[in-house]
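Descriptive structure summary
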Amino acid sequence: MTAQQLYDTIKKYYPQCEVSSICYTSQSCRRYGFCADMQSGNVIDFDAVKDEMCKGQTLKPASVDAVCVSGTDHAFYFVELKGWQRYIDNIDKQKLTPEGTALGYDLAGKLSASQRLCMQIVADDNLFSRIPVRFLLVTDIDTQTNGIEAFHSLLNQLGQSSTY
């Protein structure tokens, strides 16, 4: 199975979860405004897929916000959106340090759980031994005006998910 075939299979079972913009998968974007730029292809709202798969269950695994494919590297992308701008704007009122907040995101756990859900959908426990995987962390930090904060945040996130 290829990355595109995996995407198409998820879309076949959960067509209502495909959206035209990654912003449509984020509560933060819906509350605080959408990006001016749109990506070139659709994405699948993977939180919505997880919710459909786990209907009726009291405990639901964590999951990434979206999945998509790239035509250039033929990889399957797991995408997580994190809004840090409001955190930075109110840094003096935060209860947790940036490191503490980043640790609470459990990005490695979200990626692992999302991969397991994909393997369940296609009934293949070895799915990702054949498909290249990429993890994208999308944030609202403007690196031009908040360069130090952006760099700090991204290094924390990278350090937390370095096993992937």
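The following refers to the structure shown.

A few words now on the environment of lysine 11. In this fold, lysine 11 is placed in helix α1 (residues 3-13). The class of lysine 11 is partly exposed, set by a relative accessible area of 31%. In this structure the C-alpha to C-alpha distance between lysine 11 and valine 43, which are 32 residues apart in sequence, comes to 9.5 Å. When residues no more than four places from it in sequence are discounted, the contact partners of lysine 11 are Glu18 and Ile44.

Another aspect to go through is the nonpolar core. With 22 residues, the main nonpolar core has Leu6, Ile10, Phe76, Cys118 and Phe128 as its most contacted residues. For this core, the secondary-structure elements that each account for two or more residues are α1, α3 (46-53), β4 (76-82) and α6 (107-122). Considering each element in turn, this core owes the most residues, six residues, to α6.

What follows deals with the sheet that holds strand β3 (residues 66-69). Taking strand neighbours across the sheet as the criterion, the five strands line up as β1-β2-β3-β4-β5 in an open arrangement whose pairing is mixed. Only two strands of the sheet have a single partner each, and these edge strands are β1 (18-19) and β5 (133-139). Relative to β5, β4 runs parallel, the two sharing seven bridges. Note on β5: the bridge partner recorded for glutamate 80 is leucine 137. Against the sheet, α1 touches β1, β2 (43-45), β3 and β4, its axis set at about 135° to β3. Relative to the sheet, α3 contacts β2 and β3, its axis offset from that of β2 by approximately 45°.

Of the positions making up α3, those classed as buried are Phe46, Asp47, Val49 and Lys50. Relative to the axis of α3, the buried residues are bounded by an arc of 160° and lie together on one face. Tucked inside the fold, the buried residues of α3 contact α1, β2, β3 and α6. Measuring from the side-chain oxygen of the N-cap residue of α3 to the backbone nitrogen of aspartate 47 gives 3.2 Å; that N-cap residue is aspartate 45.

Conventions we followed
- Residues numbered from 1 in each chain as written.
- Predicted model: local features only at pLDDT ≥ 70, side-chain atom pairs only at ≥ 80, totals over all residues.
- Heavy atoms only, no water.
- Helix = DSSP H or I, 4+ residues; strand = E, 2+ residues; numbered from the N terminus.
- Buried < 20%, exposed > 50% of the residue type's maximum accessible area, 1.4 Å probe, protein only.
- Contact = heavy atoms within 4.5 Å.
- Core = buried A, V, L, I, M, F, W, Y, C linked by side-chain atoms within 4.5 Å.
- Pairing = 2+ DSSP bridges.
- Axes fitted to C-alpha atoms, helices over the stretch in contact; angles between N-to-C directions.
- Arc of directions from axis to C-beta.
- Polar contact = N/O pair within 3.5 Å; in protein donor to acceptor, adjacent residues only side chain to side chain.

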